[in-house]
Structure formats: structure tokens, C-alpha cells
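Single-letter residue listing:
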There are 2 protein chains.
Amino acid sequence: MPYQDEGFGCPAEVGLHMISGKWKPRILYELFQETRRFGELRRRIPEVSRHVLTLQLRELEDDGIVKRTVFHELPPKVEYSITEFGRQFEAVLEQMVILGQQYIGSQQDSKGK
Amino acid sequence: MPYQDEGFGCPAEVGLHMISGKWKPRILYELFQETRRFGELRRRIPEVSRHVLTLQLRELEDDGIVKRTVFHELPPKVEYSITEFGRQFEAVLEQMVILGQQYIGSQQDSKGK
DNA sequence: CAGTATCCCAGTCGATACTG
DNA sequence: CAGTATCGACTGGGATACTG
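As the structure is a computational prediction, the values presented were derived from the model and not from experiment. (Residues numbered from 1 in each chain as written. Chains lettered and ligands numbered in written order. Predicted model: local features only at pLDDT ≥ 70, side-chain atom pairs only at ≥ 80, totals over all residues. Heavy atoms only, no water.)

Looking at DNA strand D, there are 20 residues lining it, with His51(A), Arg68(A), Tyr80(A), Lys22(B) and His51(B) nearest. The share of sugar and phosphate among atoms of DNA strand D within 4 Å of the protein is 68%. Within the side chain of Arg50(A), an N or O atom sits 3.1 Å from a base oxygen of DNA strand D. Gln56(B) is positioned such that a nitrogen or oxygen atom in its side chain is 2.9 Å from a phosphate oxygen of DNA strand D. The set of elements that each furnish at least two residues to the surface near DNA strand D consists of helix H3 (38-44), helix H4 (50-62) and strand E3 (77-82) of chain A together with helix H4 (50-62) of chain B. No other element matches H4(A), which puts 4 residues into the surface near DNA strand D. Residue composition of the surface near DNA strand D, grouped by class: 8 nonpolar, 6 polar and 6 charged. (Near = heavy atom within 4 Å. Polar contact = N/O pair within 3.5 Å; in protein donor to acceptor, adjacent residues only side chain to side chain. Helix = DSSP H or I, 4+ residues; strand = E, 2+ residues; numbered from the N terminus. Nonpolar A, V, L, I, M, F, W, Y, C, P; charged D, E, K, R; others polar.)

Here is the structure:
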């Protein structure tokens, strides 16, 4: 009887959807450590373009996972931090890292024969 | 220093990728309960087409999460079961359900004003 | 019963250029 | 510094029809 919310087939999808974005896990990894400025994120994740980084951050913000703080100074300064809600994703993502590494390990075993 | 495996920005993506598919959480929810035949899955998840169900099951199989057993009878019979590796995703997905429901709850609160 | 083969569309992501 | 605007490529998934 759960498993029927809006356009989603099951509630797990809702949670999954919030962190599904090519750079979201990587961004969250940074923000779990500490609050970062936009430019810092760019330097730490050089592979992502400004455009896409902005998009992913906006989605995370809209979903209540990340908080965006604008300082009206010159030059402009914007800080991104993890919210209390967002912090709850830390454990799941860590578990995902473990499962991902197990998978990678098993792939390499079967290759090395 | 982890965070640099193959085409993935971070190892969590590898784990995430394995269960990212529109119907995978829903399929896994079924298989966590017990082994199911293809037709059973179709009846229990009527929204997904045969085509896509097949695709998602194949991907889960390729990633070692699901085991496919073919019985060479007439009429044909195919059973899908969760592997030991796949079983490890149960806890994370349950956590995702909780987070998804929290999100849904908070959205409805802010709507109801 | 349990698939495969085709075709197509919508959403993501990347590259590039411009701006308060 | 931290964005926005625009365009184009790729891909995951849906609809439909056919098959061992």
C-alpha cells in the first residue's frame, strides 16, 4: 500500500531521485566535510562545468538538501552548506561507496584470470 | 584519493548506478521478498512494459544483483532471485524509502498552508 | 510464457558565449 | 565572483509489433 506517490513507482525513488545527478554525490561529498563557496567547489571538482554545477546545486537546494547563502558584497560571495535533512544522506552514500567498491573489486577479480 | 574510478566521478556513483533505473527499486522490492517469475513481476508492477522490465532485469543481472534461472520447459519458465550481493542493497533502499517519505511529508506540510 | 526488434520523444548533460 | 542563456548530442524509457 505504500508505493504509490505521485509519478513515482515507489518511495525509494523519491529519495534516490534527489541524489541522482551526475555530480551530486561528488558535490555532497564536499559539503559533508564543510561549507564551501561556489569557486571552491569548482576547484575541487574541475571536471564539471560552471553551468552544470549551478544546475545540480539548484536542484539540491530545491530539494532541501543544500542551503545557499548569498553575501551581498563585492566581489559576490555565495556559500553552500548541507542542511539537517541533507546530512541524513551521508550514511546511505557511504554505504553506496562500499557497495560500489565491492562491485569494482569483483569485476577486477574476474578480469584477472 | 579514492573518488577516481573509471568514468565515475566518485565510487558512490558506481553503487548508485546499479540501482538507478526507473523500475529497479520497485523490482528489487519484489525480489527482496521472494523469487519471482517474469510474469509475476509483470502482474505486480503493471505500469512497466515487458520491454523495459526485461531491460532492467538484464542490467540487474549483469551487475550481479539478480540471478536469472531458465527452466527449459514448455511453456517456458524463468525465475528471478536476489543474489547475496544484491541483498546488501536492501538496507540502503529501506533508508531511501524513509528519506523519500520525509521529503514527501515536508512538501505536503508546506502545501497545506 | 518470456522474450526481441524498431522507432521515437523528453530529459540530462556538455560547450560556448554573455552578465550583474 | 558567481552566475544566466542558448544550442546541440546522447540516452533512458515508452509504444508498438513480432517470435522461439
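The next subject is the relation of the copies chain A and chain B. Structural alignment of chain A on chain B gives an RMSD of 0.1 Å, achieved by rotating through 180° and translating 0.0 Å along the axis. The two molecules are tied by a two-fold rotation axis, judged by turn and shift. Proximity to the rotation axis, assessed at the C-alpha, singles out Val92(A) in chain A; its C-alpha lies 2.9 Å from the axis. Same-surface contact between copies: 100% of interface residues of chain A are shared with the interface of chain B. (Least-squares fit on C-alpha atoms with pLDDT ≥ 70 in both. Contact = heavy atoms within 4.5 Å.)

On to the confidence of the model for chain A, then. Summing up the model confidence of chain A, the mean pLDDT is 90 and the portion of residues at 70 or higher is 89%. Contacts for the low-pLDDT stretch residues 1-6 of chain A, under 50 throughout, to residues beyond four places or in other chains number 9 contacts. (pLDDT = per-residue confidence, 0-100.)

Looking now at the environment of Ile98(A). Mapped onto the secondary structure, Ile98(A) falls in helix H6 (residues 89-111). Each C-alpha atom of the pair Ile98(A) and Met18(A) lies 20 Å from the other, and the pair is 80 residues apart in sequence.

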